[in-house]
Amino acid sequence: GSNSNMAHSPLSYHIVSLASFAAKTAKTPSIPPADDINQSSPWISDSRACFPMELGLELLGNHPSVSEIKLTSLEGLTPTKIEIFVGTKSSPEHAWKVGDGKESETDEYSTALFKRLGFVKFQVDGNSLQRETKTVADIDTTCHFVKLLVHE
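Here's a quick rundown of the structure. (Residues numbered from 1 in each chain as written. Predicted model: local features only at pLDDT ≥ 70, side-chain atom pairs only at ≥ 80, totals over all residues. Heavy atoms only, no water.)

Section: the pairing of strand 11 (residues 145-151)
Selection criterion: Residue exposure (1.4 Å probe, protein chains only): buried if accessible area is under 20% of the type maximum, exposed if over 50%, otherwise partly exposed. A run of H or I in DSSP counts as a helix once it spans at least four residues, and a run of E counts as a strand once it spans at least two, with each numbered from the N terminus. Only when DSSP finds a minimum of two bridges between them are two strands counted as paired.
Across the seven residues that make up strand 11, a large majority, seven, are buried. The two faces of strand 11 match: Phe145, Lys147, Leu149 and His151 on one face and Val146, Leu148 and Val150 on the other face are all buried. With six bridges connecting them, strand 2 (residues 53-59) and strand 11 associate as antiparallel partners. Looking across to strand 11, one finds that Glu54 is bridged to Leu149. With seven bridges connecting them, strand 5 (residues 81-88) and strand 11 associate as antiparallel partners. Note on strand 11: the bridge partner recorded for Phe85 is Lys147.

Side note on the nonpolar core
For soluble globular proteins, nonpolar side chains are generally found buried alongside one another. What counts here: By convention a nonpolar core is built from buried Ala, Val, Leu, Ile, Met, Phe, Trp, Tyr and Cys residues, the set being connected through side-chain atoms within 4.5 Å. What makes two residues a contact is simply this: any of their non-hydrogen atoms within 4.5 Å.
The biggest cluster of nonpolar side chains holds 21 residues, and the ones touching the most others in it are Ile69, Leu71, Ile82, Ile84, Val120 and Leu148. Those elements that provide at least two residues to this core are strand 1 (13-20), strand 2, strand 4 (69-73), strand 5 and strand 11. It is strand 2 that contributes the most residues to this core, four residues altogether. The residues contacting Ile82, other than those within four sequence positions of it, are Leu71, Gly118, Phe119, Val120, Phe122, Leu148, Leu149 and Val150.

Comments concerning the packing of aromatic side chains
The test is simple: Working definition: a ring pair exists when centres of Phe, Tyr or Trp rings (six-membered ring for Trp) sit within 6.5 Å. Plane angles under 30 degrees give stacked, over 60 give edge-to-face, the rest tilted. Only when the NZ of Lys or the CZ of Arg is both within 6 Å of the ring centre and within 35 degrees of the ring normal is a charge said to sit over the ring.
Under the defined criterion, the tally for this structure stands at three aromatic pairs. Consider the rings of Tyr109 and Phe114, whose centres lie 5.3 Å apart with planes at 70°: the pair is edge-to-face. A relative accessible area of 5% places Tyr109 in the buried class. For Phe114, a relative accessible area of 26% gives the class partly exposed. Measuring from ring centre to ring centre gives 5.5 Å for Tyr109 and Phe145, while their planes differ by 80°; the resulting arrangement is edge-to-face. In this pair, Tyr109 sits in helix 1 (residues 105-110) while Phe145 sits in strand 11, placing the two residues 36 residues apart along the sequence. Assigned by exposure class, Tyr109 and Phe145 land together as buried. Members of the aromatic cluster, connected to one another through ring pairs, are Tyr109, Phe114 and Phe145. For the cation-ring pair, Lys81 lies above Phe119, with the distance from its terminal atom to the ring centre recorded as 5.1 Å. It is Lys147 that lies over the ring of Phe85; its NZ or CZ is 5.1 Å from the centre.

Here we look at the side chain of Glu54
This is how the line gets drawn: His is not counted, nor are the chain ends, whereas Lys and Arg count as positive and Asp and Glu as negative. For salt bridges, the criterion is a side-chain nitrogen of Lys or Arg within 4 Å of an Asp or Glu carboxyl oxygen. Under the rule applied, a polar contact is a pair of N or O atoms within 3.5 Å (in protein, one hydrogen donor and one hydrogen acceptor; residues adjacent in sequence only if both atoms are side-chain atoms).
In this structure, Glu54 sits in strand 2. We note that Glu54 is buried and unpaired, the nearest opposite charge coming from Lys147 at a distance of 4.3 Å. Here Tyr109 takes part through its side chain, which lies 2.7 Å from a polar atom of the side chain of Glu54.

Here it is in structure tokens:
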């Protein structure tokens, strides 16, 4: 079993998918270059983004284990709800091959098998300008991807 008193270190990740599904004519946001992503800085969607918006993260390392997920809203930029999914890579026969024969991270993400963990709701109030953090604990799973479905 796991030791619930054991401190867990943050996992490294990078964004592999960023998509908007609200309108077929809406422009799908582009993924920022890896150099522009700083895990200690917040991710903020474009002000013209359509919701819901999917943010796909690939967890780095061998057999990354997730015990909890912390989501923090920024002052004045609070979503109403974020749905949380964890995913594992599908079997090799379902993975797409590109160019040099290596699997594309995006293709691995798009063929991954996801399980919905649930959702968190944030206090959305026109007068509320406070930062809010939600923690989803006791996840204790090994996964390759985390998918966040962000609702306006």
